[in-house]
Amino acid sequence: MDLSSEIAMMTNTSTEGLLRAFPFFLAWDESDVIVSAGPSLAKYCPRAKIGARTQEVFLLRRPSGLLSTEFARQNSSALFILEDRENGRVLRGSLLFLESPRSIVMLATPWITSPAQLLEYGLTLDDLGVQDQTLDMLQLLQTQEVAAEDLKRLNRMLTEQRAKLHEQEAQSRKLALVASRTDNAVIVTDATGRIEWVNDAFTRITGWRAGEVAGRKPGEFLQGPETDPKVARFMSEELRAGRGFTVKLINYRRSGEKFWFAIEVQPLFNEAGELTNFMAIESDITERKESEEAIQKYRQHLEEIVEERTRELQRNKFLLEAIVKSSPNGILLIDDQGRIKMTNAALDRMFGYGGSELLGRRVEMLVPQPLREEHALLQGAFPGGPSARPMGENADLHGQRKDGSIFPIDVALASFTVGDEQFVQATVADVTDRKRAESAWRELNATLEHKVEERTLELAAASAAKSEFLANMSHEIRTPMNGMLGLAQLLEREPLSEDQLTVVRRLRQAGQSLLGILNDILDFSKIEAGHLRLDPRPFELPPMLAQISSLLGVTAHEKGLNFHLDDPPLLSGALIGDALRLEQVLMNLLGNAIKFTERGAIDLRIQALSVTASHVRLRFEIKDTGIGISPQQLAGLFTPFTQADGAITRRFGGTGLGLSICKRLVELMHGEIGVESAPGAGSTFWFEAVFERSVERQATSLAPAPPAFECATRLSGLRCLVVDDSRMNREVVQRMLMHEGARAVLAGDGQQALQYLSAQNEAFDAVLMDVQMPVMDGLAATRAIREKLGLVDLPIIALTAGVLDEQRRQVLEAGADDFLAKPVDMDALVDVLLRFAGSRLRPPEASPTLPRIRGVDSEQALLMLGGDQDLFLQLLQSFVTEFAATPEEVRETLDRGDRRRAADLLHAFRGAAGYIGAGDSAQAAEMLEHSIRGDRSDLAFRVTAFETLASVLLEGARAHLASSGQGEDVRC
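Procedures and definitions
Residues numbered from 1 in each chain as written. Predicted model: local features only at pLDDT ≥ 70, side-chain atom pairs only at ≥ 80, totals over all residues. Heavy atoms only, no water. Helix = DSSP H or I, 4+ residues; strand = E, 2+ residues; numbered from the N terminus. Buried < 20%, exposed > 50% of the residue type's maximum accessible area, 1.4 Å probe, protein only. Contact = heavy atoms within 4.5 Å. Expected span 1.5 Å × (residues − 1). Arc of directions from axis to C-beta. Polar contact = N/O pair within 3.5 Å; in protein donor to acceptor, adjacent residues only side chain to side chain. Pairing = 2+ DSSP bridges. Axes fitted to C-alpha atoms, helices over the stretch in contact; angles between N-to-C directions. Patch = residues over 30% accessible without salt bridge, like charges linked within 9 Å, V, L, I, M, F, W, Y side chains within 5 Å. Areas by Shrake-Rupley, 256 points an atom, 1.4 Å probe, with all protein chains shown as cover. Salt bridge = Lys/Arg side-chain N within 4 Å of Asp/Glu carboxyl O. Phe/Tyr/Trp six-rings, centres within 6.5 Å; stacked < 30°, edge-to-face > 60°. Lys NZ or Arg CZ within 6 Å of the ring centre and 35° of its normal. Lys, Arg positive; Asp, Glu negative; His and termini not counted. Charge placed at Lys NZ, Arg CZ, Asp CG, Glu CD. Parallel < 35°, antiparallel > 145°, perpendicular 65-115°, else oblique. Left-handed = near helix turned anticlockwise from the far one by under 90°. Nonpolar A, V, L, I, M, F, W, Y, C, P; charged D, E, K, R; others polar. Core = buried A, V, L, I, M, F, W, Y, C linked by side-chain atoms within 4.5 Å.

**What to know about the overall build of the protein chain**
The number of helices and strands found in the protein chain is 33 helices and 29 strands. When burial is assessed residue by residue, the protein chain has 41% of its 972 residues classed as buried. Taking all contacts inside the protein chain whose residues are at least 6 apart in sequence as the whole, residues at least 24 apart take part in 59%.

**Here we look at helix H11 (residues 229–240)**
The end-to-end C-alpha separation of H11 is 17 Å, in line with the 16 Å expected for 12 residues at 1.5 Å each. Turning to H11, its buried residues are Val231, Ala232, Met235 and Glu238. In an axial view of H11, the angular spread of the buried residues amounts to 130°, which keeps them on one side of the axis. Pointing more than 90 degrees away from the buried face of H11 are the exposed residues Lys230 and Arg240. Lining the buried residues of H11 we find strand E9 (245–252) and strand E10 (258–269). The N-cap of H11, judged by a side-chain oxygen 3.0 Å from the amide nitrogen of Lys230 a few residues on, is Asp228. Among the residues trailing H11, Gly242 stands out with phi positive, at a value near 75°.

**Section: the sheet that holds strand E6 (residues 102–110)**
Spatially, the six strands line up as an open sheet ordered E2-E1-E6-E5-E4-E3, and their pairing is antiparallel. Two strands lie at the open edges of the sheet, namely strand E2 (34–37) and strand E3 (58–62), each paired on one side alone. Geometrically, the sheet is characterised by an average inter-axis angle of 35° between neighbouring strands, direction not taken into account. Both strand E4 (residues 80–84) and strand E5 (residues 90–99) contribute to a ladder of four bridges, which runs antiparallel. Each residue of the ladder has a partner; that of Glu83, found in E5, is Val90.

**A word on a nonpolar patch on the surface**
Taken together, the side chains of Tyr298, Leu302 and Ile305 make up a nonpolar region of the molecular surface, amounting to roughly 290 Å² of accessible area. Inspection of the secondary structure assignment puts Ile305 in helix H12 (residues 286–326). When its relative accessible area of 42% is taken as the criterion, Ile305 is described as partly exposed.

**Let's talk about the packing of aromatic side chains**
Applying the stated criterion across every chain yields a total of 12 aromatic pairs. Ring centres of Phe259 and Phe261 lie 4.7 Å apart, and the angle between their planes is 75°; this geometry places the pair in the edge-to-face category. For the pair shown, Phe259 and Phe261 are each scored as buried. Following the ring pairs from residue to residue traces out a cluster consisting of Phe879, Phe883, Phe909 and Phe946. Over the ring of Trp208 we find Arg216; its NZ or CZ atom is 5.6 Å from the centre of that ring. Over the ring of Phe259 we find Arg253, and its NZ or CZ is 4.3 Å from the ring centre.

**Structural notes on the environment of Phe25**
Looking at the element boundaries, Phe25 is found in the loop between helix H2 (15–21) and strand E1 (26–29). Relative accessible area serves as the criterion here: at 6%, Phe25 is assigned to the buried category.

**Focus: the pattern of salt bridges**
If you walk through the whole model with that rule in mind, you get 37 salt bridges. Residue Glu667 pairs with Lys663 through a salt bridge whose shortest N-O separation is 2.6 Å. Taken together, the residues span about one helical turn, with Glu667 and Lys663 both in helix H22 (residues 658–668) at a distance of four residues. Here Lys663 falls in the partly exposed class, since its relative accessible area comes to 32%.

**Focus: the sheet that holds strand E29 (residues 818–821)**
Overall, parallel pairing links the five strands, which are arranged E26-E25-E27-E28-E29 in an open sheet. Each edge of the sheet is formed by a strand with only one pairing partner; in this case those strands are strand E26 (743–747) and E29. On average, adjacent strands in this sheet sit at an angle of 25° to one another, irrespective of strand direction. Of the strand pairs in this sheet, strand E28 (residues 796–800) and E29 are connected by four bridges, and their pairing is parallel. Following the sheet pairing, Thr800 is matched in E29 by Ala821. Of the strands in this sheet, strand E27 (766–770) and E28 are in contact with helix H25 (residues 778–787), which crosses E27 at around 150°. Helix H27 (residues 826–837) rests against strand E25 (719–723), E27, E28 and E29 of the sheet, and its axis sits at about 175° to E29.

**Some words on the pairing of strand E8 (residues 195–198)**
Sheet topology note: the strand E7 (residues 185–190)/E8 ladder contains three bridges and is antiparallel. Paired with Thr189 across the strands is Ile195, a residue of E8. Counted between consecutive antiparallel strands, the loop separating E7 from E8 contains four residues, among which Gly193 sits at a positive phi close to 95°.

**Structural notes on the side chain of Glu238**
In this structure, Glu238 sits in helix H11. Among residues more than four places away in sequence, those in contact with Glu238 are Arg243, Gly244 and Phe245.

**What about H25?**
Residues lying three or four places apart along an α-helix face the same way, a consequence of the helix completing one turn every 3.6 residues. Most of H25 is tucked away, with seven of its 10 residues classed as buried. Looking at H25, one finds that the buried residues are Gly778, Leu779, Ala781, Thr782, Ala784, Ile785 and Arg786. Of the residues that open H25, the one with a side-chain oxygen 3.1 Å from the backbone nitrogen of Leu779 is Asp777.

**A closer look at a negative patch on the surface**
Where like charges cluster on the molecular surface, the negative patch consists of Glu287, Glu290, Glu292 and Glu293. Within the fold, Glu292 resides in helix H12.

**Quick notes on the packing of helix H31 (residues 899–915) against helix H32 (residues 919–934)**
In contact at an axis separation of 8 Å, H31 and H32 are set at 160° when each is read in the N-to-C sense. Between H31 and H32, the crossing angle belongs to the class labelled roughly antiparallel. Read as a crossing pair, H31 and H32 show a hand that is left-handed. Between H31, through Arg899, Ala902, Ala903, Asp904, Leu906, His907, Phe909, Arg910, Ala913 and Gly914, and H32, the contact on the second element is made entirely by Ser921, Ala922, Ala925, Glu926, Leu928, Glu929, Ser931, Ile932 and Arg933. Residue composition of the contact of H31 with H32, by class: nine nonpolar, four polar and six charged.

**Describing the nonpolar core**
Core analysis: the largest hydrophobic core is formed by 42 residues, its most contacted members being Leu582, Leu586 and Phe687. For this core, the secondary-structure elements that each account for two or more residues are helix H18 (541–558), strand E19 (562–565), helix H19 (579–595), strand E21 (601–611), strand E22 (615–624), H22, strand E23 (672–677) and strand E24 (683–693). Per-element accounting of this core gives the leading share, seven residues, to H19. Residues in contact with Leu582, not counting those within four places in the same chain, are Phe539, Leu541, Met544, Phe620, Met669, Phe687 and Phe691.

Here's what the structure looks like:
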C-alpha cells in the first residue's frame with residue numbers, strides 16, 4: 001500500500017492515529033485559511049493557528065511560487081518546503097487533497113538536523129510521534145532529489161547569468177541612481193507585498209526611513225482614517241492576484257499629516273515567469289488634488305450664484321410685473337417711433353380705453369389736438385437728454401381721453417435701450433384733484449403763498465449714502481447730548497454741595513462716555529470707507545500730556561491707583577502731526593489701563609527711538625498692573641468689535657472698536673502698535689509714531705483782546721442770535737451766553753433767523769447757526785444772510801453735529817466763519833466768539849423793564865428775545881397788523897364750511913402768538929385747530945374760547961403799541 005492510501009486510511013478510521021503519526025501536520029482550505037493543525041506544530045511555529053492565513057505565516061521555499069490552491073494541485077507530487085516568516089523554522093512534507101470538506105493537508109515534519117535543536121525549539125521525542133522509516137526515507141530521497149536538481153539548475157544558471165551579471169550590475173546602478181534621485185517615491189516589495197527597498201524620495205515624502213519600513217507592508221503605516229477602504233481592498237486583491245494597478249488615495253506621513261498619493265504598481269517576474277517582486281512608483285499629488293477640489297468648490301459656488309441670480313431675476317420680474325399692474329399711476333412704454341408698446345390697466349382706465357386698444361398706435365393720440373405736432377417733435381429729441389426726468393418741468397401738462405375730454409396730468413419719463421432698440425417709459429398721474437385743490441389753495445392764500453411746490457414722481461433709485469446716514473445719526477444723538485452736557489457744565493459752575501457736585505460730574509462723565517462711543521463708531525465707519533485722514537499741525541507734547549493727566553488722573557486716583565506720566569524727551573522746536581489723533585490714542589490706551597486695573601499703578605513712558613533734523617520717531621509705553629490678557633485673546637485684540645472676552649465685555653462695557661481705531665491711527669502716523677501681557681501680570685501696550693520737526697516752538701493762538709472795561713464775565717454785552725430747531729439746545733446755549741454776560745435771541749429755524757435779521761440786522765454781534773433744521777436749514781440761511789441781506793461782516797458760527805470732513809467743508813463754503821461741534825463746550829463757545837466778535841463787547845446793560853400786556857407773558861417773550869425790547873415791539877406790531885382780523889375770518893370760513901382754510905388760519909396764528917409770549921391764545925388756537933381737523937363735537941365751545949382770548953390779546957397789544965408811540969402804524 002502506498003503512502004497516500006495509508007494516510008487516507010488513518011484519517012478515515014482514527015484521528016488519534018493521524019495525530020500520533022503526523023503531530024506537525026497542517027491543513028488549510030481553498031481560501032488560504034488554516035482549519036486544522038497537529039498538536040506539536042504550535043511549539044515549532046506558534047503563529048500557525050487555526051484562522052490564520054497560510055501565506056501570512058509561511059514563505060514557500062520549494063517549489064517556487066505562491067502557495068495558492070491552484071499552484072498546490074499543479075505541483076502535488078513535489079516536496080513542499082515552508083519557512084516560518086517570523087522565526088525562520090522550516091517544515092517539509094507532501095500534500096494531500098481532501099474533497100469533503102475541500103482542503104489541503106500537508107503531512108509535515110520539522111527540518112531538524114541535530115538533537116540540540118530539539119531543546120532549542122522546545123520539542124521532545126514525544127513531539128516527533130510514530131517514526132515511519134518508509135516515510136522518512138521517501139522524504140530524504142525527495143530532499144536529495146531536490147538538492148540535486150537545484151545543483152544542476154544552479155550550475156546552468158551560474159553559467160548563463162555570469163555573462164549577464166556585469167551588464168545587469170551596470171544597469172542596476174543606473175536604475176538605482178535614477179530611483180534614488182527622482183522626486184517620486186519608489187518602493188520595491190517581495191511577492192507578498194513586504195518592503196525590501198525604498199528610495200530617498202520615499203523618506204522625504206513620508207518621513208519614514210528605509211530601515212524602519214523594511215519587511216512591513218506599506219498599508220500598515222501609510223494608511224489612516226480617511227484612506228478609502230474600497231481602494232485599499234482593491235489594492236490587496238490585485239497584489240494577491242499578482243497584477244499591476246494604478247490608484248489615487250489618501251496616505252499619512254509619519255507626522256500624521258495626510259496627503260494624496262498617485263500609486264502605480266507593477267509586478268516583477270523572473271525568467272521562469274515566477275512572481276518575485278512588486279515595484280511601486282508613488283507621486284505626491286496633494287497640491288493638484290487641493291487645486292482640483294478648490295476648482296470644483298469654486299465651480300459649484302459659481303453655479304450656486306448663477307442659480308440664485310436666476311431666481312432673483314425671476315423674482316424681480318414677477319415683482320415688476322405686479323408693480324406695473326397694481327400701480328395707481330398709468331404706465332406706458334413707447335418705442336423710438338413714438339408707438340405704444342405696452343400699457344397698464346391704470347393708464348387704460350385713465351384715458352378711457354380698453355384692453356390692448358392702444359397698442360401699436362402713436363402716443364400723440366393721448367395728447368390734446370393742438371399740441372400733438374409739437375409733442376411729436378419733442379418726443380423725438382427726448383432719448384438724447386437725461387435718462388430720467390419729469391416731462392414739461394414748470395409747465396402744466398394735459399392729456400386727452402378717448403371721449404375727447406381734457407384733464408391735467410403729471411408725466412415722468414425714463415429712456416433705456418434693449419439691444420439696438422430705444423424705449424421711453426412714461427409714468428402718468430391724473431392730477432385733476434390735486435390741481436383743483438392747488439387752485440383753491442392759491443385763491444385762499446394769495447397773500448401768504450407765493451409758490452406751490454411742484455410734485456415729482458421721480459422715485460429714489462438708491463438708499464441714502466452712508467455718509468449722509470452718519471451725519472443724520474450724529475445730529476440726532478448729539479442734539480440731545482448737547483443739551484445734557486451743556487446743562488451739566490452750567491450746573492457744575494453753580495454753588496453746589498459736595499454730593500450734588502459729584503452727581504453733576506458723574507452726569508458729565510456718562511455723557512462724555514456716550515460721546516466717546518459715538519466717536520468710536522464714526523471713526524470706525526471712516527476707516528471702513530477709507531476716509532480717515534490726519535490733520536498735521538505744529539504742537540507740543542507737554543501741554544497735551546498735562547491735559548491728559550488732568551482728565552484721567554482724577555479717575556485713576558479715585559480708584560486708588562498711582563498715575564504717572566513721564567516727561568517727554570527734550571526736543572528743540574515743536575512736532576508736526578495730528579495732535580488730536582495722538583491724544584485720542586493715548587486717551588484710549590490709558591483709559592483702558594485704568595478700566596482694567598483694580599490696584600497698583602499706571603505708567604506712561606516716552607522715548608525717542610531715532611532723531612534726525614527733519615523727523616523723530618517716538619515710542620510710547622503704557623504699563624499697568626491690571627488683570628492681564630491671555631495669549632489666545634492677544635491674537636485678535638486689535639480687530640474690530642473684539643475685547644478680552646465676553647465676561648470682560650459685560651463687566652467693563654465698551655464697543656470693542658477702540659484698539660482697532662488706535663491701530664489704524666498709528667499706521668497713519670507711519671508707526672506700529674503692540675502689546676505684551678500675561679494673565680494676572682498686567683499689560684504693556686506700546687506704539688511708535690513718526691513726526692516731523694518744526695524749527696520754531698508752537699505759539700499759543702490768542703483771541704482778540706476785549707475792550708478795556710472791567711467785567712466779571714467774558715462775553716459782556718455781546719448780542720447773539722441763536723438758531724436751532726431743538727428747544728433744549730437753544731435754551732442751553734442761551735444759558736451759557738447769559739452766564740458769560742451775553743444776550744441771546746432765539747430762533748427755531750433759518751427762516752425765522754432771516755426775519756429777525758431783516759427787522760434789526762444791527763442788533764446782533766454774532767449768529768450761532770445750527771446746520772440741520774426744518775423749514776430752512778443752516779446752510780441755506782447762511783447763504784441768504786451773506787447774499788440776500790448783504791451781512792458779509794456779521795460773524796456766523798455753525799453749530800454742527802456733523803463729523804465728516806465733507807459736512808464741515810460745506811459749512812465753510814456756505815459762508816460760516818467757523819464751526820463748533822455738538823455738544824457745545826462753554827469754553828470753546830467763549831473762545832470762538834472772542835476770536836470773531838471780541839471787538840464788539842460792551843459794558844453790561846441794565847435789566848430791561850418788563851411791559852405789562854394783557855394776554856402776553858412778557859418775561860418769557862423777552863427771555864426768548866434776549867431782552868431786546870425793540871425787537872419785541874416790532875414783532876408785536878407785525879402780529880397785530882397781520883392777525884387783527886383772524887378771529888372774524890375763522891368764524892366766517894367755518895360758516896361757509898371751509899374747515900381747511902379755518903385750520904390753516906389758526907395754525908399761522910398760534911405760531912406767531914408763540915413768538916410774542918401769548919401762550920394762552922396760542923393754546924386756544926391749537927385746540928380749536930385740532931377740533932376742526934378732528935371734526936369734534938366741542939367745536940362751538942372752542943370757537944368762543946379762541947375769539948375771547950384772541951380779542952383780549954389784540955386789544956392789549958394795540959393799547960401797549962399806542963402807549964409806546966407806535967399805535968399809528970397799526971392797521972385794524
